[in-house]
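Listed below, chain by chain, are the residues.
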Amino acid sequence: MRVDVISIFPEYFAPLDVSLIGKARERGILDVHLHQLRDWARDVHRTVDDTPYGGGPGMVMKPEPWGEAIDAVLAADPAAQPRIIVPTPSGVPFTQKLAMEYAAEPWLLFTPARYEGIDSRVMAEYGARMRVDEVSVGDYVLAGGEVAVLVMVEAVGRLLPGVLGNAHSAVDDSFAPGAMENLLEGPVYTKPPEWRGHEVPEILLSGHHGKIARWRRDEALRRTARNRLELLAALDPETLDKHDRKLLSELGFPA
Ligand code: SAM
């Protein structure tokens, strides 16, 4: 997968050299291109922002440098089109489902902003020509979109074939489509069996795969009921077996 990022802080993306994503880049699974937006500014001060029309606090990113920078990235492969992802708190929520959708794309272009965001005409211009998604990583406001891009590239990158050591490990993750859809993963343990008086649940030492799987599902349901009621409400009743229904009703949520 090719990933382009246009930002006034390309140095923010140093973490993409590290760990799983760094290795994916070394192995050519992920091809990341970072661009300095100011390279497309026209004045001596390399200005990329201006005062907002209509007044109000803060500055808005000018359309011209963004337009020219995006055009330059698009020119890298005129036969193809990236999916453009504009991080913004006013976008649609970034979810595991969206991460999976992005992982199936050959080319993503991220446009992290600063100040009050990018002049909306930039999204209108490219939205008329290609897929442009305005995406939020959560209901809070960051100082800039770079961290949001790091979040998205990591979530997408780990789903690319060959990136995770164990090909199945994403299947059991929280939110994974299938058995874990709308569920949070339960607690995990490793050796030693006892630490500071805390014991590992005995069932995990039993070697009984069926019972362990059942225990894990119970814990996932319990944790979701405790931490994310709205996910529990979104569970597909078709995916619940008799035991799930009994547990949910014991927890006070009849399916
Ligand atoms: N005034 C804007 C608003 O209230 O929607 C917030 C602008 S924020 C200070 C600057 C930039 O940070 C945004 O344009 C976006 O690129 C990024 N950003 C901030 N919070 C974000 C979030 N929750 N998800 C994705 N990007 C975010």
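Residues numbered from 1 in each chain as written. Predicted model: local features only at pLDDT ≥ 70, side-chain atom pairs only at ≥ 80, totals over all residues. Heavy atoms only, no water.

1. Here's the deal with the site of the ligand
Here's step 1: What surrounds the ligand is a group of 18 residues, the closest being P87, E116, V137, Y140 and L142.
Here's step 2: In this structure, a nitrogen atom belonging to the ligand sits 3.0 Å away from a main-chain N or O atom of V137.
Here's step 3: At 2.9 Å, a backbone N or O of L142 approaches a nitrogen atom of the ligand.
Here's step 4: In isolation the ligand exposes 590 Å². Once the protein is present, 82% of that is buried.
Here's step 5: At the level of elements, strand 5 (83-93) and strand 7 (132-136) are the ones that each hand at least two residues to the shell around the ligand.
Here's step 6: Top element by residues in the shell around the ligand is strand 5. It accounts for three residues. (Near = heavy atom within 4 Å. Polar contact = N/O pair within 3.5 Å; in protein donor to acceptor, adjacent residues only side chain to side chain. Areas by Shrake-Rupley, 256 points an atom, 1.4 Å probe, with all protein chains shown as cover. Helix = DSSP H or I, 4+ residues; strand = E, 2+ residues; numbered from the N terminus.)

2. Things to note about the pairing of strand 2 (residues 31-36)
Here's step 1: As paired strands, strand 1 (residues 2-7) and strand 2 are joined by six bridges and run parallel to one another. The residue bridging D4 from the neighbouring strand is H33, located in strand 2.
Here's step 2: For the segment spanning strand 1, helix 1 (residues 19-26) and strand 2, crossover handedness is right-handed. (Pairing = 2+ DSSP bridges. Right-handed = clockwise from strand over helix to strand, strands pointing away.)

3. Description of unusual backbone geometry
Here's step 1: The omega torsion across K191 and P192 is 5 degrees, close enough to zero to call that bond cis.
Here's step 2: Mapped onto the fold, P192 is located in the loop between helix 5 (146-157) and strand 8 (194-195).
Here's step 3: Here the phi dihedral of Y115 falls at roughly 55 degrees; this positive angle occurs in a residue that is not glycine.
Here's step 4: Secondary-structure assignment places Y115 in the loop between strand 6 (107-110) and helix 4 (120-127).
Here's step 5: According to the relative accessible area criterion, Y115 is partly exposed, its value standing at 36%.
Here's step 6: With a phi angle near 70 degrees, F175 is a residue other than glycine that sits in the positive phi range.
Here's step 7: Along the chain, the position of F175 falls in the loop between helix 5 and strand 8. (Buried < 20%, exposed > 50% of the residue type's maximum accessible area, 1.4 Å probe, protein only.)

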